[in-house]
Amino acid sequence: MNKKTANQYLLNYVNKLDKINDIEFEFEGNIKEIIKDPIKWAESQANRIVKDNIDKYLESKALGKEFWDGIEDRN
């Protein structure tokens, strides 16, 4: 694979990944809840965000495998 082809191959996958990873979320809760136990609140926010976006994670993981398989095939 020449340098130009490799760069284009990488750019194509970066663009696909960028579209997949375009997520939006809003924090939930109130200041009293946060102050009471900030670690518990942050963990619950992180868990919710991951759960709500698991499909994008799996799609990104599949794209990474596809990318790696493509690199291996070209070498």
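Refer to the structure above for everything that follows.
Quick summary incoming for the structure in this document.

What counts as what
- Residues numbered from 1 in each chain as written.
- Predicted model: local features only at pLDDT ≥ 70, side-chain atom pairs only at ≥ 80, totals over all residues.
- Heavy atoms only, no water.
- Phe/Tyr/Trp six-rings, centres within 6.5 Å; stacked < 30°, edge-to-face > 60°.
- Helix = DSSP H or I, 4+ residues; strand = E, 2+ residues; numbered from the N terminus.
- Buried < 20%, exposed > 50% of the residue type's maximum accessible area, 1.4 Å probe, protein only.
- Salt bridge = Lys/Arg side-chain N within 4 Å of Asp/Glu carboxyl O.

Here we look at the packing of aromatic side chains
Think of a pair of aromatic rings as described by two things: how far the centres are apart, and how the planes are tilted against each other in angle.
Alright, step 1. The tally for this structure, following the rule as stated, stands at five aromatic pairs.
Alright, step 2. Here the aromatic rings of Tyr9 and Tyr13 are separated by 5.1 Å at their centres, their planes lie at 55 degrees, and the arrangement is tilted. Of this pair, Tyr9 and Tyr13 both sit in helix α1 (residues 3-20), four residues apart, roughly one helical turn.
Alright, step 3. A relative accessible area of 10% means that Tyr9 is categorised as buried.
Alright, step 4. An aromatic cluster is present here, built from Tyr9, Tyr13 and Phe67 joined pairwise through their rings.

Quick notes on the pattern of salt bridges
Alright, step 1. The full count for this structure, using the stated rule, is three salt bridges.
Alright, step 2. The salt bridge involving Asp52 is made with Arg48; its shortest N-O contact spans 3.8 Å. Highlighted residues: Asp52 and Arg48, both in helix α3 (residues 38-52), separated by four residues, approximately one helical turn.
Alright, step 3. Taking the relative accessible area as the measure of exposure, Arg48 reaches 18% and is therefore buried.

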